[in-house]
Amino acid sequence: MDSYPAAYSPTGYGIHDGEAVVRTPHTVKTLQGDGVDVICELLAVMDGTTAASELIDRIPEGDAEFIDLLYEAGLAYDARAIPAELKTEGWEGLLEPALATMAHASHRDVPERLAACTVAVFGDREPVSGVCSRLQAAGVSVGDGTADDPDVILLSEQLERSESWTDANEQWAASSATLVKTRLTETGWRLGPVLTADARACLNCVYSRVDANKAGGQLFTDVVTGDPPYMAAYTDTVTEILFRALLGVVPRYLDEQFAVYDHYEGRIDTPRVFASPHCEVCDDA
Ligand SMILES: [Zn+2]
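Residues numbered from 1 in each chain as written. Predicted model: local features only at pLDDT ≥ 70, side-chain atom pairs only at ≥ 80, totals over all residues.

K.L.:
Looking at this structure, I do not really get the overall build of the protein. What am I missing?
P.N.:
When helices and strands are counted, the protein shows 10 helices and 12 strands. Viewed in the frame of its principal axes, the protein has a C-alpha envelope of about 65 × 40 × 40 Å. (Helix = DSSP H or I, 4+ residues; strand = E, 2+ residues; numbered from the N terminus.)

K.L.:
How should I be thinking about the sheet that holds strand β12 (residues 267–269) in this particular structure?
P.N.:
Strand pairing in a sheet takes place through backbone hydrogen bonds and is either antiparallel or parallel in direction. Taken together, 7 strands build an open sheet; the order of strands is β7-β6-β8-β9-β10-β11-β12 and the sheet is mixed. Looking along the sheet, the strands with just one partner apiece sit at the ends: β7 (141–144) and β12. Each strand axis lies, on average, 20° off the axis of its neighbour in the sheet, ignoring direction. As paired strands, strand β9 (residues 178–184) and strand β10 (residues 188–195) are joined by 5 bridges and run antiparallel to one another. Each residue of the ladder has a partner; that of Leu-184, found in β10, is Trp-189. (Pairing = 2+ DSSP bridges. Axes fitted to C-alpha atoms, helices over the stretch in contact; angles between N-to-C directions.)

K.L.:
Before we go on, may I ask you to explain the environment of His-263 in this structure?
P.N.:
Residue position: His-263 is located in the loop between β11 (259–262) and β12. Exposure remark for His-263: the 17 C-beta atoms within 10 Å place this residue in the partly exposed category. Sequence separation of His-263 and Trp-189 is 74 residues, and the distance between their C-alpha atoms is 8.1 Å. Excluding its chain neighbours within four sequence positions, the residues that come into contact with His-263 are Thr-187, Gly-188, Pro-229 and Tyr-230. (Buried ≥ 20, exposed ≤ 12 C-beta atoms within 10 Å, placed from the backbone. Contact = placed C-beta atoms within 7 Å.)

K.L.:
Whenever I open this one, the nonpolar core confuses me. Can you help?
P.N.:
Nonpolar side chains in soluble globular proteins tend to be buried together. In terms of nonpolar packing, the biggest core is built from 77 residues, with Val-119, Ile-153, Leu-154 and Leu-242 touching the most fellow members. In terms of residues, this core owes the most to one element, helix α10 (residues 231–246), which gives 7 residues. Counting the residues that make up this core, at least three belong to each of domain 1 (5–83) and domain 2 (117–269). Non-local contacts of Val-119, meaning those with residues more than four positions away in its chain, are made with Leu-135, Val-140, Val-142, Pro-150, Asp-151, Val-152, Leu-154 and Leu-242. (Core = buried A, V, L, I, M, F, W, Y, C linked by C-beta atoms within 7 Å. Domains from an automatic or database assignment.)

K.L.:
What am I meant to see in the domain arrangement of the protein here?
P.N.:
Note on interface size: it is often stated as the accessible area lost on association of the parts. Per the domain assignment, the segments making up the protein are domain 1 (5–83) and domain 2 (117–269). Here the C-alpha centre of domain 2 lies 35 Å away from the C-alpha centre of domain 1.

K.L.:
Please explain the packing of helix α1 (residues 36–45) against helix α3 (residues 64–72) as it appears in this structure.
P.N.:
Axes are the key here: two packed helices are described by the angle between their axes and the distance separating the axes. Their axes nearest at 10 Å, the elements α1 and α3 cross at an angle of 70°. Between α1 and α3, the crossing angle belongs to the class labelled roughly perpendicular. Here Val-38, Ile-39 and Leu-42 of α1 come into contact with α3, specifically with Phe-66, Ile-67 and Leu-70. Residue composition of the contact of α1 with α3, by class: 6 nonpolar, no polar and no charged. (Parallel < 35°, antiparallel > 145°, perpendicular 65-115°, else oblique. Nonpolar A, V, L, I, M, F, W, Y, C, P; charged D, E, K, R; others polar.)

K.L.:
Would you mind going over unusual backbone geometry with me for this structure?
P.N.:
Excluding glycine, residues mostly carry a negative phi; peptide bonds, for their part, are mostly trans. With an omega dihedral of -5°, the bond running from Ser-9 to Pro-10 counts as a cis peptide bond. Residue placement: Pro-10 occurs in the loop between β1 (5–7) and β2 (12–16). Positive phi, normally seen in glycine, also occurs at Glu-61, with a value near 70°. With respect to the helices and strands, Glu-61 occurs in the loop between α2 (52–58) and α3. Even without being a glycine, Asp-149 presents a positive backbone phi close to 45°. You can see Asp-149 is positioned in the loop between β7 and β8 (152–156).

K.L.:
When you look at the sheet that holds strand β4 (residues 28–31) in this model, what are you seeing that I'm missing?
P.N.:
Taken in spatial order, the 3 strands make up an open sheet running β2-β3-β4, and their pairing is antiparallel. Two strands close off the open sheet at either side, each with one partner strand: β2 and β4. Between one strand axis and the next, the sheet turns through 15° on average, direction left out of account. Here strand β3 (residues 19–23) runs beside β4; their pairing, made up of 4 bridges, is antiparallel. Within the sheet, the bridge partner assigned to Ala-20 lies in β4 and is Leu-31. On top of the sheet, α1 reaches β2, β3 and β4; it is set at about 30° to β3, its chief contact.

K.L.:
How should the pairing of β11 be read in this particular structure?
P.N.:
Every second residue of β11 is oriented toward a common face, the buried set being Ala-259 and Tyr-261 and the non-buried set Val-260 and Asp-262. Taken together, the 4 bridges between β10 and β11 define a ladder with antiparallel strand orientation. The partner of Leu-191 across the bridge, within β11, is Ala-259. Looking at chain direction, β11 and β12 are connected through 3 bridges and run antiparallel. For Asp-262, the partnering residue across the bridge sits in β12 and is Arg-267. In sequence, β11 turns back onto β12 through a hairpin of 4 residues, with Gly-266 there showing a positive phi of about 60°.

K.L.:
Even after reading the chapter, I still don't get α3, so can you show me in this structure?
P.N.:
Spacing of three or four residues puts side chains on the same side of an α-helix, whose turn is 3.6 residues. By the burial criterion, the buried members of α3 are Phe-66, Ile-67 and Leu-70. Mapping the buried residues of α3 onto a view down its axis gives an arc of 100°, with all of them on the same face. Facing away from the buried side of α3, by more than 90 degrees, are the exposed residues Glu-65 and Glu-72. Tucked into the core, α3 has its buried residues touching β1, α1, α2 and β5 (76–78). Just downstream of α3, Gly-74 is the residue with a positive phi angle, here 70°. (Arc of directions from axis to C-beta.)

Following this line, the structure appears as structure tokens:
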């Protein structure tokens with residue numbers, strides 16, 4: 001079946017010494033051989049709304065093998081992956097990082113997969129309201145903590161250890177969902193841990209350790225209010241991670257880890273999450 005190739009945004013490319021160097025936000029590839037001119041022409045015209053067959057007809061020496069090469073190299077995606085409303089809103093870039101980790105043949109099924117997904121939100125809804133609207137634009141059902149059989153449990157908190165924290169952790173332990181915890185801080189945000197269904201630790205482990213030795217974690221008592229300058233970046237980051245969790249492609253750097261982002265210093269720390277021995281919630285999992 002015909003596909004609708006699109007270049008990742010932003011993609012840069014050029015030909016140097018007969019080699020095409022193509023840079024996307026996710027990879028850099030050097031391509032060699034007779035087809036490099038054709039490949040660059042294709043990159044310039046693949047807009048996600050023109051079928052591959054039509055692109056090939058339009059370009060002299062165009063051939064399906066060049067489009068396949070761009071897919072295989074992770075330099076293009078099939079635009080059928082983008083749910084219509086997500087594209088209308090201009091939010092397709094939030095889904096692209098997930099697509100870059102998936103085989104292009106599976107891209108066309110993405111809208112259908114997302115439409116079958118549910119995210120259950122625990123804790124403070126307001127800081128993640130932008131995330132929720134982006135998920136809904138992609139067809140994802142967003143409910144509260146009582147949502148039935150969610151695919152992702154999103155715990156959004158200003159303060160650690162509210163009741164919703166315990167509820168979310170227990171619901172995660174009893175399900176096959178992925179748990180994603182996130183909060184704004186005074187200087188950025190604290191995203192994670194992301195706990196997939198077979199994670200070896202849970203939130204109870206994390207905070208038991210904090211209690212035991214005051215190391216490897218921190219309890220927050222401050223409340224971030226208003227609209228901090230990093231709010232838009234926070235919304236984009238959390239949305240991107242949720243799309244990846246829903247599609248089963250959680251980034252390695254977040255699996256059982258925190259990512260602590262400092263907006264003002266431009267720094268990201270990734271402390272690891274360790275299981276607590278004999279944890280009452282996850283030890284027998
Ligand atoms: Zn545990």
